[in-house]
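Working through the structure, step by step
One-letter residues, chain by chain:
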Amino acid sequence: MRQDTKSLINIGIIVLVIVALFYSGYIPYHRYVEKQIEAFSEIGQESFGPFGYIQPQVVDGYTEEPLEGAVVVIPEINQKYRTNAQGLTADIRIPIKEDPAFKDILPKPWGEVTLIVYKEGYIDYVLFHTHVWENQGRKGPRILLFPEKEGESSHPMAIVEGPHRLWVNELVKKYKE
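What counts and what doesn't
- Residues numbered from 1 in each chain as written.
- Predicted model: local features only at pLDDT ≥ 70, side-chain atom pairs only at ≥ 80, totals over all residues.
- Heavy atoms only, no water.
- Salt bridge = Lys/Arg side-chain N within 4 Å of Asp/Glu carboxyl O.
- Helix = DSSP H or I, 4+ residues; strand = E, 2+ residues; numbered from the N terminus.
- Buried < 20%, exposed > 50% of the residue type's maximum accessible area, 1.4 Å probe, protein only.
- Core = buried A, V, L, I, M, F, W, Y, C linked by side-chain atoms within 4.5 Å.
- Contact = heavy atoms within 4.5 Å.
- pLDDT = per-residue confidence, 0-100.
- Pairing = 2+ DSSP bridges.
- Axes fitted to C-alpha atoms, helices over the stretch in contact; angles between N-to-C directions.
- Phe/Tyr/Trp six-rings, centres within 6.5 Å; stacked < 30°, edge-to-face > 60°.
- Lys NZ or Arg CZ within 6 Å of the ring centre and 35° of its normal.

**Topic: the pattern of salt bridges**
- Counted according to the given criterion, the structure contains 5 salt bridges.
- Where arginine 142 meets glutamate 64, a salt bridge forms, and the shortest distance between an N and an O atom there is 3.3 Å. Within this pair, whereas arginine 142 is found in strand 7 (residues 137–145), its partner glutamate 64 is found in the loop between strand 1 (51–60) and strand 2 (71–74), the two being separated by 78 residues in sequence.
- When its relative accessible area of 40% is taken as the criterion, glutamate 64 is described as partly exposed.
- In this structure, aspartate 91 and lysine 139 form a salt bridge, with 3.7 Å as the shortest nitrogen-oxygen distance. Within this pair, whereas aspartate 91 is found in the loop between strand 3 (79–82) and strand 4 (92–95), its partner lysine 139 is found in strand 7, the two being separated by 48 residues in sequence.
- Residue lysine 139 is classed as exposed on the basis of its relative accessible area of 67%.
- One network of salt bridges, with partners in common, ties together Asp99, Lys108 and Glu112.

This is how it looks when you write it as structure tokens:
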């Protein structure tokens, strides 16, 4: 019985010391808890939300022949893909994220990503706001790369994919009335 009392007293002292360290700020409890919450909230996040697929095709801008070996980068998912002999990438799974800028105006029923496309000997190409529709596969977009002119420096082509015309019509209708 005396041994049990000593054990309980020792456990009580240890608990008091730990609690005192937390309250004194010596052990930064909130910093560790926030990091754990942040780390665990990101686990599997990508696999549970809505997603869609795209399969870009890269072709020569003049001949429209497929370009094998072009690189397609999608910064939003931090991935690179190479085109095959038909100028196509593999099907690319893209998580669909709501655009907060339009949430209260007229939500977009699609997600958007950026495509950065390059191949040796061709002008780099960037397509902004590439549409990806939830639970759908998109064959495309079709990217036209133009050959670099020998001896000249070039700047990347920057293209913006506009919103779908039906969504634009709804937006105008909503605010025109």
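**Topic: the nonpolar core**
- Membership of the largest hydrophobic core comes to 20 residues, with the highest contact counts inside it found for Ile74 and Leu115.
- With near-sequence residues (within four places) excluded, leucine 115 lies in contact with Ile54, Pro56, Val72, Val73, Ile74, Tyr125, Val126, Leu127, Thr130, Pro141 and Ile143.

**Structural notes on the confidence of the model for the chain**
- Summary statistics for the chain give a mean pLDDT of 84 and a share of 83% for residues scoring 70 or more.
- Per-element mean pLDDT across the chain ranges from 50 in helix 2 (residues 29–42) up to 96 in strand 2.

**Brief notes about the sheet that holds strand 6 (residues 125–133)**
- Taking strand neighbours across the sheet as the criterion, the 5 strands line up as 3-2-5-6-8 in an open arrangement whose pairing is mixed. With partners counted over all chains shown, the strands left at the sheet margins are strand 3 and strand 8 (157–160), one partner each. Looking at each pair of strands side by side, their axes are set apart by 30° on average, direction ignored.
- Where strand 6 and strand 8 come together, 4 bridges link them in parallel fashion. Counted as the bridge partner of tyrosine 125 is methionine 157 from strand 8.

**Here we look at the packing of aromatic side chains**
- Under the criterion given, the structure shown has 5 aromatic pairs.
- Look at phenylalanine 51 and tyrosine 53: their rings are 5.7 Å apart centre to centre, the planes differ by 90°, and that puts the pair in the edge-to-face class.
- We classify phenylalanine 51 as partly exposed; its relative accessible area is 22%.
- The class of tyrosine 53 is partly exposed, set by a relative accessible area of 32%.
- Connected via pairs of aromatic rings, a cluster forms that spans Phe102, Trp110, Trp133 and Trp167.
- Looking at arginine 93, its charged tip hangs above the ring of phenylalanine 51, at a distance of 3.6 Å from the centre.
- One cation-aromatic arrangement involves lysine 108 over tryptophan 167; the distance from NZ or CZ to the ring centre is 6.0 Å.

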